[in-house]
Amino acid sequence: MMATSDVDTRGEGTLFSDPIPSEMDALCPSPPGPTRPQRTYERIGGREGTSFCQTLIHLLKGNIGTGLLGLPLAVKNAGLVLGPISLLCMGVIAVHCMRLLVKCSHHLSAKMDRPSLSYGEAMEYGMENVSWLRRHSQWGKHTVNVFLIITQLGFCCVYFVFLSDNIKQVVEAANTTTFSCQMNYTNQTQVLVPSFDSRLYMLCFLPPIILLVFTPDLRYLAPLSLVANLMMTASLVLIYFYSLTNIKYPIDLPKVGRAKDYPLFFGTAIFAFEGIGVVLPLENKMERPQGFIPVLYLGMGIVTFLYISLGTIGYMCFGEHIGGSITLNLPNCWTYQVVKLLYCFGIFITFALQFYVPAEILIPPVMERVSQRWKTPVNLLLRSVMVVFTCRPARPLQVNRPLPARLHPRLHPRLHPRLHPRLHPALNGALAVLIPELDLVISLVGSVSSSFLALIFPPILELLTFHTEGALSPPVTAKNVAISLIGLIGFLAGTYIAVEQIVARNALKHVETFSPFSVQ
């Protein structure tokens with residue numbers, strides 16, 4: 001999942017008037033020629049644009065990542081029958097929104113006599129079609145770009161949690177790892193030797209990731225990126241093989257999940273499907289852009305099949321014990337411990353690609369105000385600060401009133417101040433550390449940012465683009481409004497439930513920590 005954009009420069013010195021780069025810009029250059037503006041980061045190699053197969057590979061790479069591994073838990077939250085059906089529906093809607101974005105971009109670029117447009121520019125020009133929004137059209141571009149930044153940094157946060165959880169599990173199970181990969185039907189690898197808290201593992205990853213993002217040019221990471229993609233592919237093949245060959249019969253799993261868990265499904269699913277940011281950069285870089293729609297349908301068809309199949313098979317294999325990532329359920333034999341390490345290496349390298357987008361948006365405006373002498377130190381310092389920001393395994397969460405009983409029916413009595421005066425202030429005054437739960441982080445990032453980019457903005461863009469041209473029939477208008485409402489409801493419900501669950505699990509963690517005060 002790579003949310004990217006690729007725009008031209010129309011102003012200088014402001015945060016969002018500069019071109020928004022993409023990891024594709026370094027690894028997949030645009031075709032040269034007089035019809036395209038000269039951009040230095042696209043002048044790599046001498047290719048005449050990407051072919052059908054190259055674009056398909058980039059599209060697959062841009063949509064397959066940590067979100068795929070979290071889909072078995074998403075299916076559990078929705079139910080064994082409702083989950084796959086919902087994934088299919090969401091896939092169809094997501095692809096339709098991608099198609100809308102391409103359609104609007106083509107129409108607006110021809111209207112404005114521009115060779116290509118980014119997501120943000122398309123929204124800006126779309127708003128210019130509406131008279132009462134024309135004065136504020138720049139805010140459309142700014143809003144899209146802000147959500148692109150939030151999404152990319154959110155992906156980086158998810159990567160930190162994924163790396164820490166998986167490496168922690170490998171280290172804890174090192175003394176008991178064997179060559180036998182027998183299914184134990186328990187939640188994740190059997191751990192007999194407790195290790196450090198996962199947040200300490202996150203801090204251990206901090207120095208190498210900071211060094212990684214110091215890389216001045218993504219071209220230097222291209223060989224490692226290729227190796228990482230091969231490793232992640234091999235890991236997925238082994239995960240599929242294990243899940244298929246270890247399904248427990250008879251299958252007695254809920255066909256429909258609990259209603260309160262469905263927003264968590266939405267957040268995880270839309271996180272996985274949020275690849276809309278790569279659509280316009282890939283199309284703009286094709287040798288024959290008119291052939292992009294078949295690439296889009298074929299690529300997203302493959303992606304949707306992988307999502308539904310792994311989500312369903314993984315849930316059928318591990319059942320109620322499925323973890324936030326299916327890798328956490330693999331047995332502690334050397335084969336699947338290596339699978340975790342290979343996938344972690346792939347995610348580690350991918351971190352630099354995801355980090356490239358927000359870094360190249362946020363850092364250049366600051367560098368323009370720094371003297372030549374201090375440019376390099378300030379550049380490295382800002383990159384380090386951004387990585388530390390995404391790594392933050394904890395943030396103070398103020399709670400100025402007792403936690404409601406509905407957060408956890410057995411937890412609430414333990415939090416009552418009259419029962420535990422020493423425990424309650426620690427929880428009621430400030431919950432100092434949020435538990436880094438991979439499933440909730442994925443769902444939260446998906447609900448907050450991905451829902452806007454993938455579901456809410458594209459239908460609105462079509463309404464804006466064809467507002468004055470009489471091309472919108474009432475059914476089309478109703479369809480666009482319905483899709484945007486689905487995204488908005490998913491955003492509100494998914495964000496609320498994810499935050500509520502984070503608070504509840506954090507409170508439960510504190511109760512377990514202060515066990516002398518618990519009530520049996």
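All values derive from a computational prediction rather than experimental measurement.

Within the protein chain one finds 18 helices and two strands. Burial analysis of the protein chain (520 residues in total) assigns 57% to the buried set. Of the accessible surface of the protein chain, which amounts to about 22,000 Å², a share of 67% is contributed by carbon and sulfur atoms.

Let us now look at the packing of helix α13 (residues 334-367) against helix α14 (residues 375-391). Put simply, α13 and α14 touch, their axes get as near as 10 Å, and they point 130° apart. Here α14 runs oblique to α13, going by the angle between their axes. As for how α13 packs across α14, the hand of that crossing is right-handed. Residues Phe351, Phe355, Pro358, Ala359, Glu360, Leu362, Ile363, Val366 and Met367 of α13 touch α14, and the partners they reach there are Lys375, Val378, Asn379, Leu382, Arg383, Met386, Val387 and Thr390. Grouping the amino acids of the contact of α13 with α14 by side-chain chemistry returns 12 nonpolar, two polar and three charged.

Before going further, it helps to examine helix α4 (residues 71-78). Along α4, seven of the eight residues are buried, which leaves the element largely enclosed by surrounding structure. Of the residues making up α4, those classed as buried are Leu71, Pro72, Leu73, Ala74, Val75, Asn77 and Ala78. Elements that come into contact with the buried residues of α4 comprise α3 (66-69), α5 (82-111), α10 (262-273), α12 (292-318) and α17 (438-465).

Let us look at the pattern of salt bridges. Oppositely charged side chains can form a pair if their charged atoms are brought close together. Within the structure shown, the criterion is met by eight salt bridges. As a salt-bridge pair, Glu320 and Lys76 come within 3.8 Å of each other at their nearest N and O atoms. Placement of Glu320 in the loop between α12 and α13 and of Lys76 in helix α4 is noted, with a sequence separation of 244 residues between them. Classification of Glu320 by relative accessible area gives partly exposed; the value is 43%. By relative accessible area, which is 23% here, Lys76 ends up partly exposed. The closest approach of N and O atoms between Arg258 and Asp261, which form a salt bridge, is 2.9 Å. Each of Lys103, Glu462 and Lys479 takes part in salt bridges that share partners, so that together they form one network.

Another point: the nonpolar core. Core analysis: the biggest nonpolar cluster contains 126 residues, and Phe160, Ile209, Phe351, Val387 and Phe457 have the highest contact counts within it. It is α13 that provides the largest number of residues to this core, a total of 17 residues. When near neighbours in sequence (up to four residues on either side) are disregarded, Ile209 contacts Phe160, Leu163, Phe348, Phe351 and Val387. By size, the runner-up hydrophobic cluster in this structure holds five residues, among which are Leu264, Leu440, Ile497 and Ala498.

A word on the packing of aromatic side chains. Applying the stated criterion across every chain, the model contains 12 aromatic pairs. With centroids separated by 5.4 Å and ring planes inclined at 80°, the aromatic side chains of Phe160 and Phe351 adopt a geometry described as edge-to-face. Of this pair, Phe160 sits in helix α7 (residues 137-172) while Phe351 sits in helix α13, and the two are 191 residues apart along the sequence. Like Phe160, the residue Phe351 is buried in the burial classification. Members of the aromatic cluster, joined through ring pairs, are Phe147, Phe452, Phe457 and Phe491. Here Lys103 stacks its cationic end above the ring of Phe466, 5.0 Å away from the centre of that ring.

A word on the environment of Glu283. Its location among the elements puts Glu283 in helix α11 (residues 279-285). On the accessibility criterion, Glu283 (3% relative accessible area) is buried. A sequence separation of 233 residues divides Glu283 from Thr50, and the C-alpha atoms of the two residues are 9.2 Å apart. Residues contacting Glu283, with those up to four places away along its chain left out, are Val102, His106, Pro289 and Phe292.

Each value, and the rule that gives it
For every chain, the first residue of the written sequence is number 1, and numbering continues from 1 onward in sequence order. Local features in a predicted model are, by the rule used here, given only for residues with pLDDT of at least 70; side-chain atom pairs are given and counted only at 80 or more, and totals for whole chains, interfaces and linings are based on all residues. Hydrogens are left out, water is left out, and the side-chain values use all remaining heavy atoms of the structure. Starting at the N terminus, helices and strands are each numbered in turn, a helix being any DSSP run of H or I of at least four residues and a strand any DSSP run of E of at least two. Only protein chains enter the accessibility calculation, which uses a 1.4 Å probe. A residue is then buried if its area is under 20% of the maximum for its type, exposed if over 50%, and partly exposed in between. Here the accessible surface of atoms and residues is derived via Shrake-Rupley with a 1.4 Å probe, and residues count as covered only by protein chains that are part of the display. The axes are straight lines fitted to the C-alpha atoms, using for helices just the contacting stretch, and the angles between their N-to-C directions are given from 0 to 180°. Should an angle fall under 35 degrees it is called roughly parallel, over 145 degrees roughly antiparallel, and 65 to 115 degrees roughly perpendicular, with every other angle called oblique. Each crossing gets its hand from how the near helix is turned against the far one by less than a right angle, where anticlockwise is left-handed and clockwise is right-handed. Contact between two residues is taken to exist if any of their heavy atoms lie within 4.5 Å; hydrogens are not considered. Think of it as three bins: nonpolar holds Ala, Val, Leu, Ile, Met, Phe, Trp, Tyr, Cys and Pro, charged holds Asp, Glu, Lys and Arg, and polar takes everything else, Gly as well. The term salt bridge refers to a pairing of a side-chain nitrogen on Lys or Arg with a carboxyl oxygen on Asp or Glu at a separation within 4 Å. By convention a nonpolar core is built from buried Ala, Val, Leu, Ile, Met, Phe, Trp, Tyr and Cys residues, the set being connected through side-chain atoms within 4.5 Å. Classification of ring pairs rests on two measures: the distance between centres of Phe, Tyr or Trp rings, Trp counted by its six-membered ring, which must be within 6.5 Å, and the angle between planes, read as stacked under 30 degrees, edge-to-face over 60 and tilted in between. Here, a charge over a ring means that NZ of Lys or CZ of Arg falls within 6 Å of the ring centre while also lying within 35 degrees of the ring normal.

Such coordinate-based values are descriptive only and should not be taken to indicate function.
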